[in-house]
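A look at the structure
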Amino acid sequence: MTSPDPRPSAPTSYDDPERNGTPASPGPTSRQNGRPDETRPNEDTDQSNPRRKRVQERHQARKRGPTQPSMFSRRGRSRSPSNRTPDDNSSRRSRSPLRPRSPTPEAPKRKRPGGGSRMGMVNPEEMRRRQEQRDRLLEEDAMRSSRDRGVSDVVRQHYNAVPERGREWRKTESKIKGLRSFNNWVKSTLIQKFSPDEEFAARFNDTKDWADDSQRPPPVDDKRLLVLDLGCGKGGDLGKWQLAPQRVDLYVGLDPANISIEQARDRYGQMRSGRGQRGRGRPPPPLFHGEFYPKDCFGEWLGDVGIVQQVGIDPNAGPGGSLMASRWSGGGGFDVVTSMFAIHYAFESEEKTRQMLSNVAGCLKKGGRFIGVCPNSDVITSRVSTFHKNRKEKESAKPAAAEEAPEDGEVQEDERCEWGNDIYRVRFPGATPEDGIFRPPFGWRYTYFMREAVEEVPEYVVPWEAFRALTEDYNLELQYRKPFLDIWEDEKNDRELGPLSERMGVRNRATGELNMTDEEKDAVSFYHAFCFYKV
Ligand SMILES: C[S@@+](CC[C@H](N)C(=O)[O-])C[C@H]1O[C@@H](n2cnc3c(N)ncnc32)[C@H](O)[C@@H]1O
């Protein structure tokens with residue numbers, strides 16, 4: 001699966017616009033997409049305390065060795081596999097234990113001396129059978145790749161077509177404004193808790209009361225973060241990254257939806273120029289250098305994206321890679337890889353899921369964090385198994401009647417599992433497992449609808465335990481996983497995240513209650529958040 005890549009050629013050096021004052025990608029309009037929403041810099045945080053104690057808590061349970069040297073020392077290193085392709089990846093990997101792949105058709109054989117005589121030993125019937133088998137496999141392969149391309153195209157076209165309605169509309173007119181704000185608050189919370197590195201967090205462990213002293217600037221944070229966003233959409237999270245406790249030096253946004261990428265560039269340009277900033281409050285912190293490219297991050301290797309190559313991507317990440325090479329190269333150059341509301345598109349197939357993980361693990365330095373949010377398979381499992389239980393009870397209550405047997409492979413209407421409410425709907429078009437456990441863990445397609453945001457787009461179940469097991473192959477260690485509403489319960493009284501929720505309109509200042517209808521709460525409970533460490 002490929003997407004057009006109209007990237008400019010890779011810059012020879014990565015310039016810090018804070019130093020040279022050159023905006024990387026200027027542009028005029030403000031942006032937002034549907035399900036996840038934006039956060040503007042000066043509503044997001046109290047500018048008097050932009051870096052906070054939160055970072056202490058997430059590192060408390062972890063004790064690791066020294067962090068990697070700054071990317072600046074890595075920048076000149078040339079170890080990126082610029083000529084690598086996803087096919088190259090698969091050739092170095094061992095076969096998955098999760099599901100045997102269908103055999104690929106044999107490549108046409110060259111004539112070699114003696115070959116004819118060996119061929120002569122196979123009887124014609126056998127040769128015909130083998131040829132038929134090869135043809136069948138080729139045809140299946142072609143059908144599979146066209147279907148895969150079809151789904152990716154639908155997803156890309158959908159996100160490209162999501163209208164940009166403007167911030168004011170989203171905050172006032174939208175029927176799901178509570179949900180939008182809540183999702184944004186969860187994403188900010190993840191960024192606040194998990195984006196800083198251990199060194200940065202350790203400094204705050206040593207100076208526990210700094211957050212109480214609004215006059216005193218936080219300790220010097222000279223080491224800044226390099227962030228890669230897979231599926232960045234229209235750049236809705238740029239403002240959140242601008243307010244990260246540890247300052248961001250570089251933000252790279254990738255997404256196959258080329259129009260979304262243009263919109264993200266525009267939004268970044270607007271932030272750089274200070275346009276669209278509201279008058280109240282202190283000015284936001286200085287903006288990082290940002291780059292945005294159209295890219296399928298789950299179907300393709302990221303090593304051919306110039307800026308990714310420059311920062312550093314390790315081709316040895318994952319199973320089958322050379323352990324020694326990986327140990328010596330020390331991984332990729334990014335501190336954080338983030339993927340918000342996007343990894344479920346990778347679960348179309350094992351190949352894509354592994355490609356996504358190779359990209360994530362390859363880009364992260366040791367100690368780097370992979371943070372994201374996606375649909376929670378526990379919720380799906382529970383809905384699906386309850387659906388089948390109820391269906392069976394209904395069936396057994398029915399008087400025995402002569403039922404028409406379904407055609408081969410056909411799923412009867414009443415066997416199709418779906419749920420939702422006025423604002424969101426999940427619909428499985430095919431059969432689902434009665435116990436709700438998705439085996440094998442790839443390719444379980446459903447369509448997702450969300451009012452004003454997502455029009456029946458195909459998505460795939462991310463069976464959590466299988467995913468977590470797979471991440472181990474890529475040296476990614478699970479540090480945190482939590483359903484959205486549990487995050488709220490845990491963090492709503494936090495001295496930073498609590499007030500942030502009020503500024504973002506997530507909590508009603510008078511009642512202290514969430515500003516969401518029951519339907520919105522049901523919709524957000526479909527998701528959970530995670531953080532992995534690269535070890
Ligand atoms: C619900 S949007 C989330 C956008 C953004 N992360 C946010 O939170 O605002 C899902 C995004 O995933 C992107 N996506 C779909 N397939 C992808 C792929 N193969 N690689 C990277 N991104 C993908 C879509 O184009 C879309 O922008």
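This one's a predicted model, so the numbers in the text were calculated from it and none came from an experiment.

**Let's talk about the overall build of the protein**
In terms of helices and strands, the protein carries 20 helices and 11 strands. Across the 535 residues in the protein, those meeting the buried criterion constitute 45%. Counting contacts in the protein only where the partners sit at least 6 residues apart, residues at least 24 apart contribute 82% of the total.

**Some details on the nonpolar core**
Of all hydrophobic cores here, the largest spans 105 residues; its most connected members are Val 227, Phe 334, Val 337 and Cys 363. Ranked by residues supplied to this core, first place goes to helix 9 (residues 177-194) with seven residues. When sequence neighbours within four positions are dropped, the list of residues in contact with Val 227 reads Trp 241, Val 248, Leu 250, Tyr 251, Phe 334, Asp 335, Val 336 and Thr 338.

**What about helix 9?**
With 18 residues, helix 9 ought to run about 26 Å at 1.5 Å a step, and its terminal C-alpha atoms sit 26 Å apart, in line with that. The buried fraction of helix 9 is high, at 17 of 18 residues.

**Section: the sheet that holds strand 2 (residues 248-255)**
One open sheet accounts for seven strands, arranged 3-2-1-4-5-11-10; its pairing is mixed. Looking at strand neighbours, the two that pair on one side only are strand 3 (289-294) and strand 10 (476-483), the edges of this open sheet. Neighbouring strand axes in the sheet, compared pairwise and without regard to direction, differ in orientation by 15° on average. Two strands pair when backbone bridges link them, and strand 10 and strand 11 (residues 527-534) are joined in this way by seven bridges, in the antiparallel orientation. Bridged to Glu 477 within strand 11 is Tyr 533. Packed onto the sheet, helix 9 meets strand 4 (334-340), strand 5 (364-375), strand 10 and strand 11 and runs at close to 165° relative to strand 5.

**Considering the sheet that holds strand 8 (residues 445-450)**
Strands pair in a sheet through their backbones, by hydrogen bonds, and they do so in one of two ways: parallel or antiparallel. Strands sit in the order 6-7-8-9 across an open sheet of four strands; the sheet is antiparallel. At either end of the open sheet lies a strand with only one pairing partner, and these are strand 6 (418-420) and strand 9 (454-460). Geometrically, the sheet is characterised by an average inter-axis angle of 15° between neighbouring strands, direction not taken into account. Across five bridges, the pairing between strand 8 and strand 9 is antiparallel. Pairing of Met 450 across the sheet is with Val 454, part of strand 9.

**A closer look at helix 17 (residues 464-472)**
Every buried residue of helix 17 is accounted for by Trp 464, Ala 466, Phe 467, Leu 470 and Thr 471. The arc that holds the buried residues of helix 17, viewed along the axis, is 160°, so those residues lie on one side. Elements in contact with the buried residues of helix 17: helix 15 (350-363), helix 16 (377-397), strand 10 and strand 11.

**Some words on the UniProt feature "site: mRNA cap binding" (unreviewed entry) in the protein**
Following the UniProt record, one finds the feature "site: mRNA cap binding" (unreviewed entry) at Lys 234, Lys 240, Arg 267, His 344, Glu 459 and Tyr 527. Judged by maximum C-alpha separation, these annotated positions cover 294 residues in sequence and are scattered in space, the widest gap reaching 26.8 Å. Those residues in contact with His 344 that lie beyond four places of it in its chain are Cys 374, Pro 375, Glu 459, Tyr 460 and Val 462. Residue placement: Tyr 527 occurs in strand 11. Once you skip the residues sitting within four places of it in the chain, Tyr 527 turns out to touch Val 373, Cys 374, Pro 375, Asn 376 and Phe 484.

**Digging into unusual backbone geometry**
Residues Arg 439 and Pro 440 are joined by a peptide bond in cis, for which omega reads -10°. Relative to the helices and strands, Pro 440 is located in the loop between strand 7 (424-427) and strand 8. Look at Glu 452: it is not a glycine, yet its phi comes out positive at around 65°. Mapping Glu 452 onto the fold places it in the loop between strand 8 and strand 9. When the 20 C-beta atoms within 10 Å are taken as the criterion, Glu 452 is described as buried.

**Some words on the pairing of strand 5**
Summarising burial for strand 5: 11 of the 12 residues are buried, a large majority. Each parallel crossover has a hand, and for strand 4 linked through helix 15 to strand 5 it is right-handed.

**Remarks on the pairing of strand 1 (residues 225-230)**
Here strand 1 lies mainly inside the structure; six of its six residues are buried. On strand 1, burial covers both faces: Leu 225, Val 227 and Asp 229 on one face and Leu 226, Leu 228 and Leu 230 on the other are all buried. Relative to strand 4, strand 1 runs parallel, the two sharing three bridges. Opposite Asp 229, over in strand 4, you have Thr 338 as the bridge partner.

**Some words on the environment of Tyr 448**
You can see Tyr 448 is positioned in strand 8. Tyr 448 gets classed as buried once you count the C-beta atoms within 10 Å, which come to 20. When the C-alpha positions of Tyr 448 and Arg 167 are compared, they lie 24 Å apart, and in sequence the two are 281 residues distant. When near neighbours in sequence (up to four residues on either side) are disregarded, Tyr 448 contacts Val 426, Val 454, Val 457 and Glu 459.

**Description of the confidence of the model for the protein**
For the protein, the mean per-residue pLDDT works out to 77, and 67% of the residues sit at or above 70. The low-confidence segment residues 63-119 (pLDDT under 50) makes 64 contacts with residues lying over four places distant or belonging to another chain. Across residues 207-211 the pLDDT falls below 50, and counting only partners more than four positions away or on other chains, this stretch makes seven contacts in the model. Scored by ipTM, the complex comes to 1.00, with pTM at 0.74.

**Considering the environment of Arg 369**
By secondary structure assignment, the location of Arg 369 is in strand 5. Arg 369 sits 18 residues away from Phe 387 along the chain, and the two C-alpha atoms are 37 Å apart. Those residues in contact with Arg 369 that sit more than four places away from it in its chain are Phe 194, Ser 195, Val 336, Cys 531 and Tyr 533.

Cut-off values and rules
- Throughout this description, residue numbers start from 1 for each chain and increase along the sequence as written.
- The predicted origin of the model limits local features to residues at a pLDDT of at least 70 and limits the giving and counting of side-chain atom pairs to 80 or more, whereas totals for whole chains, interfaces and linings rest on all residues.
- Helix and strand definitions here come from DSSP, where helices need a minimum of 4 consecutive H or I residues and strands a minimum of 2 consecutive E residues; each element is numbered from the N-terminal end.
- Whether a residue is buried, exposed or partly exposed is read from the other C-beta atoms within 10 Å of its own C-beta, which are placed from the backbone; 20 or more gives buried, 12 or fewer gives exposed, and intermediate counts give partly exposed.
- Note that contacts rest on C-beta atoms placed from the backbone: two residues are in contact if these are within 7 Å.
- Working definition: the nonpolar core is a set of buried Ala, Val, Leu, Ile, Met, Phe, Trp, Tyr and Cys residues, joined through C-beta atoms within 7 Å.
- Helix span is expected to be 1.5 Å times the residue number reduced by one.
- Between any two strands, pairing holds if DSSP finds at least two bridges.
- Axis geometry follows a simple rule: fit a line to the C-alpha atoms, using only the stretch in contact for helices, then measure angles between N-to-C directions, giving values from 0 to 180 degrees.
- Working note: the arc is built from the helix axis to C-beta atom directions.
- UniProt positions are given in the numbering used here, feature names are shortened, and annotations may be inferred rather than shown by experiment.
- With strands facing away from the observer, any crossover in which the path from the first strand over the helix to the second runs clockwise is taken as right-handed.
- Think of pLDDT as the predictor's per-residue confidence, scored from 0 to 100.

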